[in-house]
Amino acid sequence: MTVMVPSMTPALTNPALSADLTTPGRQALDSALQQLHQAAEHLGLDHGLRTMLATPRRSLTVSVPLRREDGRMDVVQGFRVQHNISRGPAKGGIRFHPATDIHEVTALAMWMTWKCALVGIPYGGAKGGVSVDPKALTPRELERLTRRYVNEILPMIGPEKDIPAPDVGTDEQTMAWIMDTYSVNTGYSVPGVVTGKPTTLGGSLGRAGATSRGVQIAALAALGRSPDGVTVAVQGFGKVGALAAQYLADAGCVVVAVSDASGAVHAPGGLDVAALRAHAAEAGGVLGYPHADALGHDDLLELDVDVLVPAALENVITAANAPRIRARLVVEGANGPTTPEADEILAAGGTTVVPDILANAGGVIVSYLEWVQNMQAYSWSAGEVDVKLRDLMESAFGEVRSLAGERGLTLRQAAHVIGVGRVAEAHRMRGLYP
Ligand code: NAD
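Quick summary incoming for the structure in this document.

How each quantity is defined
Residues numbered from 1 in each chain as written. Predicted model: local features only at pLDDT ≥ 70, side-chain atom pairs only at ≥ 80, totals over all residues. Heavy atoms only, no water. Pairing = 2+ DSSP bridges. Helix = DSSP H or I, 4+ residues; strand = E, 2+ residues; numbered from the N terminus. Axes fitted to C-alpha atoms, helices over the stretch in contact; angles between N-to-C directions. Expected span 1.5 Å × (residues − 1). Buried < 20%, exposed > 50% of the residue type's maximum accessible area, 1.4 Å probe, protein only. Contact = heavy atoms within 4.5 Å. Polar contact = N/O pair within 3.5 Å; in protein donor to acceptor, adjacent residues only side chain to side chain. 1 Å grid on protein atoms, 1.4 Å probe; cavity = no way out; pocket = protein on both sides within 12 Å on 5 of 7 lines; lining within 4 Å. Points joined across faces, edges and corners; volume = space filled by probe spheres on them. Nonpolar A, V, L, I, M, F, W, Y, C, P; charged D, E, K, R; others polar. Near = heavy atom within 4 Å. Salt bridge = Lys/Arg side-chain N within 4 Å of Asp/Glu carboxyl O.

On to the sheet that holds strand β6 (residues 231-235), then. Either a parallel or an antiparallel arrangement is found when strands of a sheet pair, and the pairing is made through backbone hydrogen bonds. Taking strand neighbours across the sheet as the criterion, the seven strands line up as β9-β8-β7-β6-β10-β11-β12 in an open arrangement whose pairing is mixed. Where the open sheet ends on each side, the last strands, each with one partner, are β9 (293-295) and β12 (352-354). Going across the sheet, the axis of each strand differs from the next one's by a mean of 20°, ignoring polarity. In the sheet, β6 pairs with strand β10 (residues 307-310) via four bridges, with the strands oriented parallel. Pairing of A233 across the sheet is with L308, part of β10.

Take helix α5 (residues 172-186) next. With 15 residues, α5 extends 21 Å between its outermost C-alpha atoms, agreeing within 8% with the 21 Å of an ideal straight helix rising 1.5 Å per residue. Among the residues making up α5, those that are buried are T174, M175, A176, W177, I178, M179, T181, Y182 and S183. Considering only its buried residues, α5 is in contact with β3 (90-96), α4 (139-153) and β5 (162-166). The N-cap of α5, judged by a side-chain oxygen 3.1 Å from the amide nitrogen of Q173 a few residues on, is D171. G187 lies just past α5 and shows a positive phi near 105°.

Considered as a void within the structure, the second largest pocket measures approximately 430 Å³ in volume. In terms of lining residues, the second largest pocket is bounded by 21 residues, among which Q38, D343, E344, T410 and Q413 are the most central. Looking at the lining of the second largest pocket, the elements with two or more residues in it are α1 (24-43), α10 (340-348), β12 and α14 (411-430). Class assignment of the residues belonging to the lining of the second largest pocket gives a composition of eight nonpolar, nine polar and four charged.

If you walk across this open sheet you meet the five strands as β1-β2-β4-β3-β5, and the pairing is mixed. Looking at which strands have only one partner, the edges of the open sheet turn out to be β1 (58-67) and β5. If you compare each strand with its neighbour and ignore which way they point, the axes differ by 20° on average. In terms of strand pairing, β1 meets strand β2 (residues 73-84) through ten bridges, oriented antiparallel.

Turning to the environment of D260, a few remarks are in order. Following the sequence through the fold, D260 ends up in strand β7 (residues 254-260). In sequence terms D260 and A39 are 221 residues apart; their C-alpha atoms lie 33 Å from each other. Each residue touching D260, except ones within four places of it in the same chain, is listed here: F237, G285, V286 and H297. Of note is the side chain of D260, whose polar atom sits 2.5 Å from the side chain of S262. Of the polar contacts made by the side chain of D260, one reaches the backbone nitrogen of V286; its length is 2.9 Å.

On to the site of the ligand, then. If you check the shell around the ligand, you find 23 residues, and the closest are D167, T211, K239, A261 and N335. At 2.8 Å from an oxygen atom of the ligand is found a side-chain nitrogen or oxygen belonging to T211. With respect to the ligand, the backbone of A312 contributes an N or O atom lying 3.1 Å from an oxygen atom. Elements with a contribution of two residues or more to the shell around the ligand: α7 (239-250) and β7. In the shell around the ligand, the residues fall into eight nonpolar, ten polar and five charged.

So, on to unusual backbone geometry. For the peptide bond that leads from Y433 to P434, omega is 0°, which places it in the cis range. Mapping P434 onto the fold places it in the segment after α14. The backbone phi angle of N315 is positive, close to 55°, even though this residue is not glycine. In this structure, A377 takes a positive phi of about 50° despite not being glycine. The class for A377 is exposed, based on a relative accessible area of 72%.

Our next topic: the pattern of salt bridges. Evaluation of the coordinates by the stated rule reveals 25 salt bridges. For E69, the salt bridge is made with R140, and the minimal N-O distance between the two is 3.0 Å. Taken together, the residues E69 in the loop between β1 and β2 and R140 in helix α4 connect sequence positions 71 residues apart. Owing to a relative accessible area of 35%, E69 belongs among the partly exposed residues under this scheme.

Here it is, written out as structure tokens:
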């Protein structure tokens, strides 16, 4: 089968990938391929290698039958994509979201490959997803769905093959069910098959807040000045956004607005993030928080703040709203929040974007540390984990900033040149079998 080298709007030959460029997932994949294409041009990669890097190594679509509480059976689609395994086992989260499709999962898997290479951990990239709204399921339905999905992708995963983790719509409990399902099928406990587990099952201290801690480290490094009084808006108040807001506030920033699926809240004098987290936990969202004004979802992105942290989903900063973004620094907690067109507009307007594969890498770094602890049957203190996380984040940030400065690249371009370059080098050194 011939695979076409990606152009600016490439098509992969995987039959599950439609040519419809209008779905959010297809737009995310298109962005990922454009970023790869740009890095490959910069690196002078040959046609064959580019094609290999543009194509997932393994891609599985499964039907997941689900017995509902009322006895009906629903069937939803699930996916697991291993984009690249040249540098080590595949690694990547599992997303439960109604809009998840094979295109989105492929894009997210590709970003994981560059992210792991960029921060220097020995993993390839993967991602999984189920097209379902987890909030519409009872806890027992969610458990049955998780276990059946895992059973369907069982041949692909394992501590030396592919290690899932939480993403949008999944959490520690989901990881515990996955670990149990895998272990029951294997016949003994295999904690290293997932990361982001509860600590009682071998989860690492520091993993729950790791992505947000990495966002804080990246934001403070990019600010290059005292965070005292720096104003911040955060889109998304889930696992990443809520703690990113908390850690930035702890560092001295003033978090003036946050949003989640329920709505957005704004307090120009600053939000009490801890109180807002307590409200969101009780009320199921930030809306209705009494010490702030309600704000339109899209208005949050355009507030006059120093730092904007998109920490929800893809494609939220586009060519349509990029000219109105007033933040001077965008730190991408989410994967793929900025389209390539918006990236150009932001760069031209002098806004610095700390790209997803750098800014949100804290999660996979501590996932890696969790896996190392599981493989050694040993555990580190929270302080030891935090020092290792900080070292890897700061060292990757320094490398990206130096390369960007040397070659006149944006931080995203530099991050991709480093990540893609390391994966390309691994392919060259390994050679082609047979
Ligand atoms: P989550 O499910 O815990 O939270 C997602 C949040 O986004 C929720 O608060 C939800 O209400 C909100 N949201 C959804 N639609 C929104 C909208 N239109 N406007 C505003 N908010 C909206 O998921 P998460 O784990 O926090 O992941 C968020 C992002 O961070 C994703 O892009 C994910 O891929 C990325 N990420 C997560 C991790 C991790 O460790 N969990 C690591 C790296 C990157």
